[in-house]
Every structure is written in C-alpha cells, then in structure tokens.
Amino acid sequence: MTRHDLIVIGAGPGGYVAAIRAAQLGLNVACVEKESALGGTCLRIGCIPSKALLESSERYHQARTAMAEHGIRLKDVGLDLPALHRRKDTIVRTMTDGIGLLFKKRKITRYLGHARLAGPGKVVVDSDNKPVELEARHVLIATGSTSAGLPGIEFDGDRIGTSTEGLAYPDVPEHLVVIGAGYIGLELGTVWLRLGARVTVLEYLDRILPGTDSQLARQALRIFKNQGLEFRLSSRVTAARIDGDNCVVEAEGAEPLRCDRVLVAVGRTPYTENLGLESVGIEVDGKGRISVRDDFATSGDRVYAIGDVIRGPMLAHKAEEEGVACVERIVTGRGHVNYDAIPGVCYTEPEIASVGKTEDELKEAGARYRKGIFQYRANARAHALGQTDGSVKILADEQTDRVLGVHILGARAGDLIAEAVAAVELGATSQDIARCSHAHPTLAEIVKEAALAVDGRPIHA
Ligand code: NAD
C-alpha cells in the first residue's frame, strides 16, 4: 500500500493549488482526479473555456458593429464556429497540461480514477484496472460541484443541457432559452447573443445576479436589454422538454416558450457522490455541503474539505485561498482566509465586479456609511476604448472611512477590482485610495474619482 503525507481528492483550482502549496511546504503529496485532464470544472468546462468564448464572440460582435466608428471598413465578416471552438479547446489543453507539468516539477504523484474514502487514513482509487489502495496522514476533499437540475427539466445532454453543452454548441441556436440570470446564464447567454442567437433569459427572482449590489444589477439589466438579451423576470420555470424539432419551456403564469436549445444555469450542487464519507463519519447538510471548522477540518479524523463542497461562494479563487490556508494550517499551524475580501466577477460586457459588503447588506445591517460613485462616461480612457457604460461605487464606514465594499460595472471591472480587494484586505480608507496616484489616462482613475466622491470632491464630475 502506498503511503503519502497528504492525499488531495480532486484537481480543480482548490485541489491542485493545495497540492502544490503542500509540496512547497515539504509534504509527500498525491492528487487523485477522475478526469484525464487536470484543472477541474474551472479549467475544463467552466471559467477558462467560457472566457475564451466571451473573448472571441466579443471580437466577432465588434467586427460586425463597432469598427466603422473607428474608421475601419470590414467586408464579409463571417463566423467560423469550429475555428472558434478549436481556439477554446487549445487554450483549455494548454492550461490543463500546464498543471501536469507543475505536478511533475513538485513531485506530486497523480492518480487517475475515482477516489473514495475507506476508513481513517485510507483512500481507494477506482480506475479502469483494479482498485488502488492508498494511505495518508491527511486527506483533503476538493471534489467541487456539478450543475444543479430542476424538477420537470428533462436533460437530453444535447438540446436541453447545462453550461457543459452551452460551451460547445456545434451551431448558433436560432432561439436559446437560458434558465437562470446568474453568472453562468448571463455569460453564456451573452456569448450566443453576440454570435447571432435570439436569447431569452428566464429568472425566478425579480432581478438579475442575486447577491450583487442591486443598484448595479439594475443598471446592468438595462445595458443587457439594450444589447438585445430578452428577460422574463419573476418567472419560475417548472418544465422543459423536447417536443419534435423544438424544446418547450414552461414557466408559472406565462405562455410556454418554444426554442431550439435550453441552457439550464440555476446553480451548482456540491459533488460528494460515492466518496465514502460515511466510512470516516462525515455527514452532509441539507444543501449537500460538508461542514468544516475554521481550519477546514471535517468531523472525520484528519480529513479536510475546501471549495465548492463546503459553505461559501462557489468561486475558483475562493477554493484556491482555502486550499492554501488549509495545508498551511496542517503544516505550520497558521493559515487564514478573509472572506470579506473575496471578489466576484461576472465577465459580461461590461463586466461586473464586487468585493466586500453590498449597499443592500449595509442598509439591512443598519450600518452607517458614506458612498462615492463615479461614472465611466466621465473618464477619457473609457471614451478612447468606446466603453463608457457603467460606474464605480465605493462604500466606506461613516466614522472611520474604512472601505467596506466596492462595486464596479464597466469595462475591465474584473481587473480594476484588484485594487479594491487590496484596500479591503489591508483595511484601507477611501481616502487612502484617493491619495494614491493613478496613471492617466486609465480606467483606474474611475476608482480614484469614486474614492474622492466619498468625500464629496471628485475632480471630473
Ligand atoms: P447562480 O446561483 O449564480 O444563479 C442561478 C439563478 O437561477 C439564480 O438567479 C436563481 O434565482 C435562478 N433560478 C433558480 N431556480 C429557477 C427557476 N426554477 N426558474 C428560473 N430561475 C431560477 O448560479 P449559476 O449561474 O448557475 O452559477 C453556479 C455557480 O458557479 C455560482 O455559485 C457562481 O458563483 C459560479 N460561477 C461563477 C462565475 C464567475 O465567477 N464568473 C462564472 C460561472 C459560474
């Protein structure tokens, strides 16, 4: 029986980063992954392929609609969808192969197969050949999540599917119905809209992007509608099925919708199937999550869990932080994740990025705060880019001026949020941000101006 200091189950961003950090700290590490490619949902069928599609589809859209304004004449702009998919697949392969190289460099042993706990310190890997039995001082569960379904939805793995199918449609749907106006629904809905589909988004709530600052979400909704996305809010989908050449989607209180493809994006479920949790005395909660303490220890002896399989937002970088903190705690006794400083980004155009408390949360908590808002349209670089939609909002404590939350809707929001994350992490005030020199002309100046606006003194407003 092979023995390791640490066995990590799952090679997504949580698991592979934890494995690398543990190897850096001197542990003998193994990582078990059931898929032949490393990287998990994020790299194989999530964040990375979707970003590739968002980039390509935006360029196609720009080529068709925005070049004339720049004085560029294009003729016969056409779409080569197989080439677009090939580019995406190459990016995914490059990134997933890269993790294999990192594992080799760090001497991390990789096992291909489905891992299952088989009692304290024991893991069995079921692969095509015979099961492999492993022993470990510590086991880290980083098995992630899978797409959630809905009662009444009949997935056929093709026309009615999840984001996995939505990343690889072989042709542009005429009419795509997206169920759920969260991150996945909006990102992939946007991709197929830009590539020429009619896209209708059905959302149960009366708003899009639950959890996002509601003022920004309202602004974003207006922009997406102008781009051509159709929304049916307050619309609870009860059924979706294939009907001849069409799909039919039924929602409460509305006429059934006929379309040629359905993308279900109603959240994700922790993945713990056949993991042998009972063999080490671990139970899951009502949402299928594994309960952990602050040090990510589960109720199983020396079994830890991180990422989508535990509480908190299902985000790759949150899982990464947890993976690092968990193995640092195991080896050094120290390690911590500041959940107030985990950003969220939706990669639509414009992007939507947030960190810290939303204004809704502050109001609900009765907190006293000041806010500064600055619009993209007052920034020179935004004009040069031709991307003037959006704003930056900074929320700061009324007494101390400490930054409590930053919310950005606009071009490159996902990059701009890094400064705000640093501010929240370091306990900076809005005036700390305002005092920093921000290069001119950049979009970052919008963040500085929003910080000045907290104190009522923006320069260009
Ligand atoms: P989500 O939770 O973000 O959004 C799901 C939406 O579906 C919600 O708005 C919900 O109200 C709606 N919904 C639920 N039941 C419904 C019904 N019966 N009818 C109509 N609408 C219904 O989930 P998601 O977009 O599927 O994303 C899953 C996870 O993946 C999220 O945790 C998200 O954070 C993560 N993710 C992140 C990114 C990113 O960081 N850019 C991208 C993709 C996914």
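Residues numbered from 1 in each chain as written. Predicted model: local features only at pLDDT ≥ 70, side-chain atom pairs only at ≥ 80, totals over all residues. Heavy atoms only, no water.

## Some details on a nonpolar patch on the surface
And then number 1: Together, I72, L74 and V77 make up a nonpolar patch on the protein surface, roughly 220 Å² of accessible area in all.
And then number 2: Residue position: I72 is located in the loop between helix 3 (47-65) and helix 4 (81-105).
And then number 3: Classification of I72 by relative accessible area gives partly exposed; the value is 38%. (Patch = residues over 30% accessible without salt bridge, like charges linked within 9 Å, V, L, I, M, F, W, Y side chains within 5 Å. Areas by Shrake-Rupley, 256 points an atom, 1.4 Å probe, with all protein chains shown as cover. Salt bridge = Lys/Arg side-chain N within 4 Å of Asp/Glu carboxyl O. Helix = DSSP H or I, 4+ residues; strand = E, 2+ residues; numbered from the N terminus. Buried < 20%, exposed > 50% of the residue type's maximum accessible area, 1.4 Å probe, protein only.)

## Considering the packing of aromatic side chains
And then number 1: Summed over all chains, the structure comprises 1 aromatic pair.
And then number 2: Between Y169 and W192, the aromatic rings sit 5.1 Å apart at their centres with planes inclined by 45 degrees, giving tilted as the arrangement. A residue pair is termed long-range when its members are at least 10 positions apart, and Y169 in the loop between helix 5 (163-166) and strand 9 (175-179) and W192 in helix 6 (residues 183-194) qualify at 23 residues. For the pair Y169 and W192, one class covers both residues: buried. (Phe/Tyr/Trp six-rings, centres within 6.5 Å; stacked < 30°, edge-to-face > 60°.)

## Comments concerning the site of the ligand
And then number 1: Of all residues adjacent to the ligand, which total 23 residues, the nearest are I184, E187, E203, G267 and V345.
And then number 2: Y183 places a polar main-chain atom, nitrogen or oxygen, 3.2 Å from an oxygen atom of the ligand.
And then number 3: For the ligand, a nitrogen atom lies 3.0 Å from a polar atom in the backbone of V237.
And then number 4: Bound to the protein, the ligand loses 82% of the 850 Å² it would expose on its own. (Near = heavy atom within 4 Å. Polar contact = N/O pair within 3.5 Å; in protein donor to acceptor, adjacent residues only side chain to side chain.)

## Here's the deal with the pairing of strand 22 (residues 403-410)
And then number 1: Most of strand 22 is tucked away: 7 of the 8 residues are buried.
And then number 2: As paired strands, strand 19 (residues 351-356) and strand 22 are joined by 6 bridges and run antiparallel to one another. For I352, the partnering residue across the bridge sits in strand 22 and is L409.
And then number 3: Both strand 21 (residues 391-397) and strand 22 contribute to a ladder of 6 bridges, which runs antiparallel. Residue pairing for strand 22: K393 is matched across the bridge by H407.
And then number 4: Where strand 21 hands over to strand 22, the hairpin turn is made up of 5 residues, of which D401 adopts a positive phi near 70 degrees. (Pairing = 2+ DSSP bridges.)

## Points about the nonpolar core
The nonpolar side chains of a soluble globular protein tend to be buried with one another.
And then number 1: F103, L140 and I141 are the most contacted members of the largest nonpolar core, which totals 53 residues.
And then number 2: Listed in part, the 33 residues of the second largest apolar core include V178, V191, W192 and I208. (Core = buried A, V, L, I, M, F, W, Y, C linked by side-chain atoms within 4.5 Å.)

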